[in-house]
Amino acid sequence: MQRAAKVALWIVALLALAAALAWWQRGPITVALMARQVQVLTAVADPLAALPDGLHVGLCGAGSPFPDELRSGPCTAVVAGRRLFIFDSGSGAGRNIARMRLNAGQIEALFFTHYHSDHIDGLGELMLQRWIQRTAQQPLPVYGPAGLEQVLQGFNDAYALDKGYRTAHHGAAVAPPAGFGGQARPFEIDAASGRRVLVAEPDLEIVAFAVDHGPIHPAVGYRIRYKDRSLVISGDTSKSAAVAREAQGVDLLVHEALSPQLLGLLEQGFSQAGRQNLAQIMHDVLNYHTTPEEAAAIAQAAGVKALVFNHIVPPLPLSGLEPVFLQRAGQIYAGPLRIGADGDWFTLPAGSAAVAMGRRP
Ligand SMILES: [Zn+2]
Ligand SMILES: [Zn+2]
């Protein structure tokens, strides 16, 4: 045998031996890797401090009521400087916030767009995480239009037993009873202007505005400005003149989107299966949501710098469905656009025109 062949044989044998050893020791190896990962995840008590000054937007839920592996219930995290605000708390919100390496204990306030179940069903866990991770002395301030007290009272009541368990087990120093749950800050939309200013500080402005999600009233979207950067969250709405008005010149528009064509497939499928209730619902939801093309037209007319779709209906389990979902949205809107997914992260540095679209690393 030639010398080169012998060397190659030895290398293969050694590699096979190394692989066998690694397999044999896979338990200790994975524990060591896990310990390193835990260090990465837990070492940063204040993840907001590591971010550049500006406005940051994270999708802690880009989906809808549909079961979707890539997109859980609606939730948008907004970091304004060093302050963390959450808009809607769909199921998975608390877990996604942790997965995105944000500290739920740093949530300053939560804002609801409306009270459809998919926008509120993660509230209990979100409030619990925020309470327990910061030793909160005050309940979470929760802003929302009329109906807020009823929703919040329900969640506070449902979690009251758990509150007792946590304080009994961990002690009042870790789980102080006074900090549990949420405190309602309901607001009314001004009938004349169609909006309500909720936060008006030199560097931070948060405005709620009425959108078109009838028969659900009220339903609102939000406009947020931090220093010279801004975004609009549409909330659930059909094509809305209010969104178009509020989105004028903003850096980022986070707009809900529904594909009638793909939803039609589900309606047909449910109908053929004899599941008439679901078929009817697939049909009914068409009239209070926005298509990607409609949202693109709003973004183009308003001159927004970037567009991201959330509240994606229906789920898009195959990437080949994305062009079908978008239709002509990419031609209608000239700027960068993206179909949002859980973990997407947008950075708008202060004093700059840049909009970085990526993932929370
Ligand atoms: Zn919804
Ligand atoms: Zn809705």
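1. Regarding the overall build of the protein chain
- Counting its regular elements, the protein chain contains 13 helices and 15 strands.
- Dimensions of the protein chain, computed from C-alpha atoms along their principal axes, come out at roughly 90 × 55 × 55 Å.
- Across the 361 residues that make up the protein chain, the buried fraction comes to 39%.
- For the protein chain, long-range pairs separated by at least 24 residues make up 66% of all intrachain contacts whose partners lie at least 6 apart in sequence.

2. Things to note about the sheet that holds strand β9 (residues 220-226)
- Spatial strand order, β7-β8-β9-β10-β11-β12-β13: seven strands in an open sheet with mixed pairing. Each end of this open sheet is capped by a strand with a single partner; those strands are β7 (195-200) and β13 (337-339). On average, each strand axis in the sheet is inclined to that of its neighbour by 20°, with strand direction left out of account.
- Judged from the five bridges that link them, β9 and strand β10 (residues 229-233) form a sheet pairing that is antiparallel.

3. Here we look at the nonpolar core
- Of all hydrophobic cores here, the largest spans 80 residues; its most connected members are I86, L231, L252, L253, A299 and L307.
- When residues in this core are grouped by element, the largest group, six residues, is from strand β12 (residues 306-313).
- Beyond its immediate chain neighbours, meaning those up to four positions away, A299 contacts A247, L253, V304, L307, Y333 and G335.

4. A closer look at the sheet that holds strand β5 (residues 140-144)
- With mixed pairing, eight strands are arranged side by side in an open sheet as β6-β5-β4-β3-β2-β1-β14-β15. Looking at the sheet topology across the chains shown, the edges are occupied by β6 (182-186) and β15 (356-359). Across this sheet, the average inter-strand angle for adjacent strands is 25°, counted without regard to direction.
- Examined bridge by bridge, strand β4 (residues 107-111) and β5 share two bridges and lie parallel to one another. Across the sheet, L110 pairs through a bridge with V142, a residue of β5.

5. Concerning the environment of F155
- With respect to the helices and strands, F155 occurs in helix α6 (residues 148-158).
- On the neighbour-count criterion, F155 (21 C-beta atoms within 10 Å) is buried.
- Sequence spacing of F155 and G124 is 31 residues, and the spatial spacing of their C-alpha atoms is 5.9 Å.
- For F155, the residues in contact, after removing those within four places along its chain, are L123, G124, M127 and G182.

6. Thoughts on the environment of T167
- Note on placement: T167 falls in helix α7 (residues 160-170).
- Spatially, the C-alpha atoms of T167 and F180 are 9.9 Å apart, while their sequence positions differ by 13 residues.
- Among residues more than four places away in sequence, those in contact with T167 are A172, A175 and P177.

7. Brief notes about helix α9 (residues 260-272)
- Compared with the 18 Å implied by 1.5 Å per residue over 13 residues, the 18 Å span of α9 between its first and last C-alpha is a close match.
- Positive backbone phi, approximately 80°, marks G274, located one or two places after α9.

8. As for the pairing of strand β2 (residues 75-80)
- The element β2 is largely enclosed, with a buried count of six among its six residues.
- Residues of β2 alternate between two faces, with C75, A77 and V79 on one and T76, V78 and A80 on the opposite face, all of them buried.
- Pairing of strand β1 (residues 54-61) with β2, which is carried by six bridges, proceeds in the antiparallel orientation. What sits directly across from V57, in β2, is V78.
- As judged from the five bridges shared by β2 and strand β3 (residues 83-87), these two strands associate in the antiparallel manner. The residue of β3 that forms the bridge with T76 is F87.

9. Some points on the domain arrangement of the protein chain
- Assigned domains of the protein chain: these are domain 1 (3-37) and domain 2 (44-359).
- One C-alpha centre belongs to domain 1, the other to domain 2; they are set 46 Å apart.

10. Details of the packing of α9 against helix α10 (residues 276-284)
- The contact between α9 and α10 brings their axes to 7 Å, and the two run at 160°. In terms of orientation, α9 lies roughly antiparallel with respect to α10. Crossing of α9 over α10 shows left-handed handedness. Contacts between α9 and α10 involve L263, L266, E267, F270 and S271 on the former and, on the latter, Q276, L278, A279, M282 and H283.
- For the contact of α9 with α10, the per-class residue count stands at six nonpolar, three polar and one charged.

What counts and what doesn't
- Residues numbered from 1 in each chain as written.
- Chains lettered and ligands numbered in written order.
- Predicted model: local features only at pLDDT ≥ 70, side-chain atom pairs only at ≥ 80, totals over all residues.
- Helix = DSSP H or I, 4+ residues; strand = E, 2+ residues; numbered from the N terminus.
- Buried ≥ 20, exposed ≤ 12 C-beta atoms within 10 Å, placed from the backbone.
- Contact = placed C-beta atoms within 7 Å.
- Pairing = 2+ DSSP bridges.
- Axes fitted to C-alpha atoms, helices over the stretch in contact; angles between N-to-C directions.
- Core = buried A, V, L, I, M, F, W, Y, C linked by C-beta atoms within 7 Å.
- Expected span 1.5 Å × (residues − 1).
- Domains from an automatic or database assignment.
- Parallel < 35°, antiparallel > 145°, perpendicular 65-115°, else oblique.
- Left-handed = near helix turned anticlockwise from the far one by under 90°.
- Nonpolar A, V, L, I, M, F, W, Y, C, P; charged D, E, K, R; others polar.

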